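Here's the letter readout for the chains.
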Amino acid sequence: MFYATNSYFCGISSNQSILESPIEFLKGVGPQRGELLRTELEISTFEDLLYHYPYRYADRSQVTRIGFIDPKTEYVQLVGTLVNISEEGEGRKKRLIATLYDDTGRIDLLWFQGAQWMKKSLKENVRYIVYGKLNYFNGVVNIAHPEIELLNAETSIPGRQPVYPTTEKLKVRGVTNRSFAKLTQALFEKLQPGDVMEILPQELRNQYKLCGRFQALRWIHFPDTEEHEQAARHRMKWEELFLSQLKIGRLRLQHTAQQGWHFGKVGDTFNEFFSKHLPFPLTNAQKRVLKEIRQDTGTGKQMNRLLQGDVGSGKTIVALMSMLLALDNGFQACIMAPTEILAQQHYFSISGMLRDMGIEVRLLTGNVKGKPRKEILEQLADGSLRIVVGTHALLEDNVQFKNLGLAVIDEQHRFGVGQRARLWKKNEMPPHILVMTATPIPRTLAMTMYGDLDVSVIDELPPGRQPIKTILARDMERARVMQFMRSEVDKGRQAYIVYPLIEESEKMDYESLMAGYEQVKIWFDENKYRIAMVHGRQEAAERERNMQRFAKGEANVLVATTVIEVGVNVPNASVMLIESAERFGLSQMHQLRGRVGRGAEQSYCILLAGSKVSDESYKRLQIMVSTNDGFKIAEEDLAMRGPGDMYGTKQSGLIKFKLADIVQDSGILEETRVAALNMLTNDPGLTSAQHQPLRYVLSQQGKQSHWGKIS
Ligand code: ADP
Ligand code: MG
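The structure contained in this document is the topic of the report that follows. Values in this document were obtained by computation on a predicted structure and should not be read as measured data.

A word on the pattern of salt bridges
Phase 1: One pass over the full model with this rule turns up 30 salt bridges.
Phase 2: The closest approach of N and O atoms between Arg-288 and Asp-459, which form a salt bridge, is 3.6 Å. Pair noted here: Arg-288 is in helix H11 (residues 284-297) and Asp-459 is in the loop between strand S15 (454-458) and strand S16 (469-474), with a separation of 171 residues, a long-range link.
Phase 3: Within this structure, Glu-198, Arg-205, Arg-213, Arg-235 and Glu-239 form a network of salt bridges that share partners.

Structure representation (structure tokens):
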């Protein structure tokens, strides 16, 4: 993340040539270092160096005398004479040791990497200035991989010094923090304020008390006071978030301007379904969301709506009825799920609900081949098939619709944004888009990732659900846990046992799954119980078959990895055991837990934790025990993990910031949202003279991602 390049600022400098200069032309770099900077940190121009920010600042104004080193300090700066440079060990264990002394004491300096190179560059019996982190080992103190620099008449004791992200290789090759600071210094000696163009209009800077861009960049590298440092960071964070909000605001404007199919009426299919075939009365939340969808699709503009609802809140029926609306207006509709299993489940439940109405529904996934596939493609092209359920197989170019009016995308975050954009292209006129997600999205994240979509929320569970009881148990209580599971199964319920398999390739996880399966067989005697197993290493067809056995009630117990995470609906399953629960993330556990509690029975989720549980894992487990509220859990998850990991959206340019953190800087985020909306209200096209730099920056960013339309 620190290494993100900043090419989007290229060209907004009035004096382009200087910032675009190759890094080796900077004083103190040269060809060798230039090559290193390029390969190690992707710094290839002056500009890249300018945006290579320090991540903290070290106080290097003090020099400690070696005899007075305080064991409580973390970093020290020393001045002394170097002696006894020697190599120890062999081969990969080879290391370099040297001793530094002053008139109060001595200390060892160590290098484990680049020993050879260091040995060549260090000299005995000369004075050095050394900075590094103290290690205590068996009561002896030393410093490994210190920053070390010859002390001569020109060397000054640094003051407050920026600490830059770097690599071991660069350090060993002598490109230390001090070097970075010097290089950046050299850069600023060359730069004029005009070389870095201001992009935020003066008015805005006054209103929000933001310092100028050039000033901010200088202070980020060389803050003379903490206040300046804060001001500089604040300004650059503000700019980052503001740009993202402007971008989203513009997408939103595009959406609202986008013509869409006009669903003018509620017709026979919708009404017939509603009056005769509805399997249960809708909750108020479901009714409200349907109304919002009807309003959206009736305006003649394209709908771009995100439907959030916790697991089990009943999104499928909303999707189905929206599709009927499309049919009533003469259009086709599709629903796309991220996995084969999910697509199948949707297919079964949707075709089941529509069976008595004589509406044909077909399933299109990668597994549908040959004649059936050809048939489906023909039917979609000539319009005779009006509802299709599928996976990303629907996105393939040879899948052509006669008139796709609505696309529902389930479990949205599993789809790459680019993939969704392909769906858009299937028509001259884009279909209405309903994105459904079962992972509640914290407000800050929703604002950044989905700020261009309208949001509907199902905030009510179907009636009669009992809250799931979540219990934290330790490994030593396994026997009791298994007995409990068995007693539930004996009541006619079904049970999930979930193992961590974070990476499908992880051999250890796979082995523990297999071992676990053998264990389960001891508790659930094969003569009496049926056990099915699903995991990512099985062939899709086999996984499918096992899943179906469980779904149809033929198997009592499903031993599984997280492949069952999303969307699987087996109402008779009322117990879930999560093995090594400490290894799961919060949102993931919440998703898993949502597989039970779908019927009227009291459901249980047992979190079985291993013997070694970190404080953080323990906190996660406690949160799971204390609440069933998906939004609360998502907020906690975001706070604990940060946005990058959470939805597998590390790639998303919308949440990748150099400095800003949408959790910690949520105040700035709110501010920039208001400011961006304001600006776009007054100048939607950003055409006024003072907005040109912003417009330019956005257009440069736009070039990097073409997918904005749907997401
Ligand atoms: P999700 O929002 O997780 O996709 P589903 O649409 O799969 O949830 O619904 C979960 C379960 O709740 C299903 O078994 C469904 O039939 C049932 N359900 C949905 N809406 C209602 C309702 N209004 N009343 C009773 N049961 C409902
Ligand atoms: Mg669902």
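As for the site of ligand 1
Phase 1: With respect to spatial proximity, 16 residues lie near ligand 1, and among them Pro-281, Gly-312, Lys-315, Thr-316 and Arg-465 are the closest.
Phase 2: Between ligand 1 and Pro-281 there is a distance of 2.9 Å, counted from a nitrogen atom to a backbone nitrogen or oxygen.
Phase 3: Taking Gly-312, its main chain carries an N or O atom lying 2.7 Å from an oxygen atom of ligand 1.
Phase 4: For ligand 1, whose free accessible area comes to 560 Å², the fraction covered by protein is 83%.

Some details on the sheet that holds strand S14 (residues 432-437)
Phase 1: Reading across from one edge, S11-S12-S10-S13-S14-S9-S15 is the order of the 7 strands in this open sheet, with parallel pairing throughout. Every interior strand has two partners, whereas the edge strands, strand S11 (361-364) and S15, have only one. Ignoring which end each strand starts from, the neighbouring axes of this sheet average 20° apart.
Phase 2: Along the sheet, helix H12 (residues 315-328) makes contact with strand S9 (304-309), strand S10 (332-336), strand S12 (387-390), strand S13 (404-410), S14 and S15, crossing S10 at roughly 155°.
Phase 3: Strands in contact with helix H13 (residues 340-354) are S10, S11, S12 and S13; relative to S11, the strand with the most contacts, it is inclined by about 175°.

Brief notes about the sheet that holds strand S17 (residues 494-498)
Phase 1: The strand order across the open sheet formed by 6 strands is S16-S21-S20-S17-S19-S18, and the pairing between neighbours is parallel. Looking at the sheet topology across the chains shown, the edges are occupied by S16 and strand S18 (531-534). Shown here is a sheet whose adjacent strand axes are inclined to one another by a mean of 20°, direction ignored.
Phase 2: The pairing of S17 with strand S19 (residues 557-560) spans 4 bridges and is classified as parallel. Looking at S19, one finds that Val-498 is bridged to Ala-560.
Phase 3: The sheet strands contacting helix H21 (residues 615-626) are S16 and strand S21 (604-609), and the helix crosses S16 at an angle near 150°.

What about unusual backbone geometry?
Phase 1: Phi is positive for Asn-125, close to 60°, though the residue is something other than glycine.
Phase 2: Secondary-structure assignment places Asn-125 in the loop between helix H4 (115-121) and strand S5 (127-137).
Phase 3: Residue Lys-209 is not a glycine yet carries a positive backbone phi of 55°.

With respect to the packing of aromatic side chains
Both the distance between ring centres and the angle between the ring planes are used here to describe each pair of aromatic rings.
Phase 1: In the structure shown here, the tally under the stated rule is 13 aromatic pairs.
Phase 2: An aromatic cluster is present here, built from Phe-188, Phe-214 and Phe-222 joined pairwise through their rings.
Phase 3: The ring of Tyr-75 carries Arg-56 above its face, with NZ or CZ at 4.6 Å from the centroid.

Concerning the nonpolar core
For soluble globular proteins, the rule of thumb is that nonpolar side chains tend to be buried together.
Phase 1: With 50 residues, the main nonpolar core has Trp-238, Phe-242 and Leu-246 as its most contacted residues.
Phase 2: For this core, the secondary-structure elements that each account for two or more residues are helix H9 (226-257), S10, helix H14 (370-382), S13, S14, helix H16 (443-449), helix H24 (666-682) and helix H25 (692-704).
Phase 3: Ranked by the residues each element gives to this core, the list is headed by H24, at 6 residues.
Phase 4: A domain-level breakdown of this core finds at least three residues from each of domain 1 (1-16 + 197-257 + 666-711) and domain 3 (268-458).
Phase 5: If you look at the next biggest cluster of nonpolar residues, it comprises 40 residues, including Leu-307, Val-318, Ala-333 and Val-361.

Notes on the side chain of Gln-548
Phase 1: Its location among the elements puts Gln-548 in helix H19 (residues 540-551).
Phase 2: In this structure, Gln-548 is in contact with Gln-344 and Phe-348, ignoring residues within four places of it in sequence.

Regarding the pairing of S10
Phase 1: A large share of S10 lies buried, amounting to 5 of its 5 residues.
Phase 2: Burial of S10 is two-sided: the residues Gln-332, Cys-334 and Met-336 facing one way and the residues Ala-333 and Ile-335 facing the other way are all buried.
Phase 3: Here S10 runs beside S13; their pairing, made up of 5 bridges, is parallel. Of the residues in S13, the one forming a bridge with Ile-335 is Val-408.
Phase 4: Note that S10 and S12 share 4 bridges and pair parallel. Across the sheet, Cys-334 pairs through a bridge with Val-388, a residue of S12.

Side note on helix H17 (residues 478-490)
Owing to its 3.6 residues per turn, the α-helix aligns residues three or four sequence positions apart on the same side.
Phase 1: Between its terminal C-alpha atoms H17 stretches 18 Å, which fits the 18 Å expected from 13 residues at 1.5 Å a residue.
Phase 2: Among the residues of H17, those classed as buried are Val-481, Met-482, Met-485, Glu-488 and Val-489. Projection of H17 onto a plane perpendicular to its axis shows the buried side chains occupying an angular sector of 120°, all on one side.
Phase 3: Check the buried side of H17 and you find it contacts S16, S17, helix H18 (507-523), S19, strand S20 (573-578) and S21.
Phase 4: Once H17 ends, the next one or two residues include Gly-492, with phi positive near 100°.

Observations concerning the pairing of S5
Phase 1: Where strand S2 (residues 75-88) and S5 come together, 7 bridges link them in antiparallel fashion. Counted as the bridge partner of Gln-77 is Tyr-131 from S5.
Phase 2: In this structure, S5 lies alongside strand S7 (residues 147-150), joined through 4 bridges in antiparallel fashion. Its bridge partner lying in S7, Ile-129 is registered against Glu-149.
Phase 3: Pairing between S5 and strand S6 (residues 140-144): 4 bridges, direction antiparallel.

Comments concerning the environment of Ala-333
Phase 1: Residue placement: Ala-333 occurs in strand S10.
Phase 2: Residue classification places Ala-333 among the buried residues on the basis of a relative accessible area of 1%.
Phase 3: Placed 98 residues apart in sequence, Ala-333 and Arg-235 show a C-alpha to C-alpha distance of 46 Å.
Phase 4: Apart from the residues lying within four places of it in its own chain, the contact partners of Ala-333 are Met-323, Ala-326, Leu-327, Arg-386, Ile-387, Val-388, Leu-404 and Leu-406.

Rules and cut-offs
Residues numbered from 1 in each chain as written. Chains lettered and ligands numbered in written order. Predicted model: local features only at pLDDT ≥ 70, side-chain atom pairs only at ≥ 80, totals over all residues. Heavy atoms only, no water. Salt bridge = Lys/Arg side-chain N within 4 Å of Asp/Glu carboxyl O. Helix = DSSP H or I, 4+ residues; strand = E, 2+ residues; numbered from the N terminus. Near = heavy atom within 4 Å. Polar contact = N/O pair within 3.5 Å; in protein donor to acceptor, adjacent residues only side chain to side chain. Areas by Shrake-Rupley, 256 points an atom, 1.4 Å probe, with all protein chains shown as cover. Pairing = 2+ DSSP bridges. Axes fitted to C-alpha atoms, helices over the stretch in contact; angles between N-to-C directions. Contact = heavy atoms within 4.5 Å. Phe/Tyr/Trp six-rings, centres within 6.5 Å; stacked < 30°, edge-to-face > 60°. Lys NZ or Arg CZ within 6 Å of the ring centre and 35° of its normal. Core = buried A, V, L, I, M, F, W, Y, C linked by side-chain atoms within 4.5 Å. Buried < 20%, exposed > 50% of the residue type's maximum accessible area, 1.4 Å probe, protein only. Domains from an automatic or database assignment. Expected span 1.5 Å × (residues − 1). Arc of directions from axis to C-beta.

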